[in-house]
Amino acid sequence: MTTDYYELLEVTQTASAEEIKRSFRRLAVQYHPDKNPDNPEAEAKFKELAKAYETLSDAERRERYDRFGPDESINIGDPFGTGSMGGLGDLFDAFFGAGGSFGGGRSRGPSGPPRGPDLEAVAQLTFTEAVFGAQHDVTVRTAVTCEVCDGVGAAEGSSVSTCSDCGGTGEVRSVRQTMLGQIVSASVCRTCGGQGQVVLDPCEECSGDGRVVTDKTYTVDIPAGVDSGATLRLTGRGAVGSRGGPPGDLYVKVKAAAHDRFVRQGVDLIHDLPITMTQAALGHHISYETLDGDEDLVIPKGTQSGRVFRLKGRGVPHLGGRGRGDLLVRTIVATPTDLRPAEVELLEQLAQLRGEEVVPADGGLLSRIRSAFK
Ligand SMILES: [Zn+2]
Ligand SMILES: [Zn+2]
């Protein structure tokens, strides 16, 4: 494995802070232990990346690194030895946010079992489920506490003991004297993987991990007024951590189906209602189907295309609030395109009565005579 931090982070020596950050973020996601369970190589690479990023993301440290190279020089500015892994938790919080998608794997303390990973599920809702809310089942592949060992990871009759290499702290420290003073470096204990405890006789059911993989179904309360793109967080419904670690969270992404008539615009619903030329001119009275049942809708005579009729409170409920939006019915006057000759004649008579000049675009008289003989 290369120890050149620039090479590790796949950037050039002249890369900007932003470029380094971007590259690290991409690689960190790729090699994150959550994405590579039981892969010590990926874990080692991940730690190397974190170490390299810790140095190169700090302008002062980066300069020192450029001049003196890697070795232990990264700890010179850190005489109290918070160590190369010390800032990793914060590093990840900064990137993914506490409890973010990659929140799993963070430790509660040096010897606490790690929190389980967060999970993601999609709730595919009908249009009305999203508008009015619903109880919706989602099934996720998750990790649950092993029932055989009750999450401890040890076989029956055996137990978990404190790691002798790190004394239960999960961390090993080394101290060196240099001309610049004492340098302390700390790293995760290899023997116990940072957990501070070791299982001597692992449980057969879970191979000592304390959890097993299974499918689980949760009923999610979908609040009224949600829309596609919303994410609901179910605290503690993620996978459990290994050896009794607390569970992560479950994030449920909402996808709402489209409606065949209504388009959502915030809390309002919009419907383009086609009406005929004669209905628009003479007026019309229809029974109009809303999400709450049929309602009378009166289209007055002389209605123009694009006129909006507002049905108060027939829209979408305010998410987490009171009241509902409106239903806006917008009339679209449909011009007839399939006129028979008799109808053409009537319309021409109408135009004459009203003194409206009509010069047909298709040549008028001649083509009308032709079509009459078809
Ligand atoms: Zn077990
Ligand atoms: Zn240990």
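Fair warning: this is a prediction, and the values are worked out from it, not measured in the lab.

Another aspect to go through is the sheet that holds strand β1 (residues 119-125). Note: strands within a sheet are paired through backbone hydrogen bonds, in either parallel or antiparallel orientation. In space, the 3 strands of this open sheet follow the order β1-β9-β8, with mixed pairing throughout. Either end of the sheet is taken by a strand with one partner, and the two such strands are β1 and β8 (231-234). Each neighbouring strand pair of the sheet contributes to a mean axis angle of 25°, computed without reference to strand direction. Bridge count for β1 against strand β9 (residues 250-256) is 7 bridges, and the pairing is parallel. Following the sheet pairing, Leu-119 is matched in β9 by Leu-250.

The next subject is the sheet that holds strand β11 (residues 268-276). Taken together, the 4 strands give an open sheet; going across it, the order is β10-β11-β15-β14, and neighbouring strands pair in mixed fashion. At either end of the open sheet lies a strand with only one pairing partner, and these are β10 (263-265) and β14 (308-311). Here the strands of the sheet are splayed against their neighbours by 30° on average, with no regard to which way each runs. Summarising the sheet, β14 and strand β15 (residues 327-334) pair through 4 bridges and their orientation is antiparallel. In the strand pairing of β15, Arg-310 is matched with Leu-328.

The subject of this paragraph is the coordination of the zinc ion (ligand 1). Looking at the zinc ion (ligand 1), the protein donor atoms are Cys-146 (SG), Cys-149 (SG), Cys-203 (SG) and Cys-206 (SG), and they sit 2.3 Å from it. Relative to the metal, the 4 donor atoms surrounding the zinc ion (ligand 1) lie at angles of 104 to 115°, and the coordination shape comes out tetrahedral. Along the chain, the residues donating to the zinc ion (ligand 1) are arranged with the sequence spacing C-x2-C-x53-C-x2-C. On the accessibility criterion, Cys-146 (1% relative accessible area) is buried. Note on Cys-149: relative accessible area 9%, which makes it buried.

Criteria and thresholds
- Residues numbered from 1 in each chain as written.
- Chains lettered and ligands numbered in written order.
- Predicted model: local features only at pLDDT ≥ 70, side-chain atom pairs only at ≥ 80, totals over all residues.
- Heavy atoms only, no water.
- Pairing = 2+ DSSP bridges.
- Helix = DSSP H or I, 4+ residues; strand = E, 2+ residues; numbered from the N terminus.
- Axes fitted to C-alpha atoms, helices over the stretch in contact; angles between N-to-C directions.
- Donors = N, O, S within 2.8 Å, 3.2 Å for Na, K, Ca; no water.
- Tetrahedral: all angles 85-135°; square planar, octahedral: opposite > 155°, others 65-115°.
- Buried < 20%, exposed > 50% of the residue type's maximum accessible area, 1.4 Å probe, protein only.

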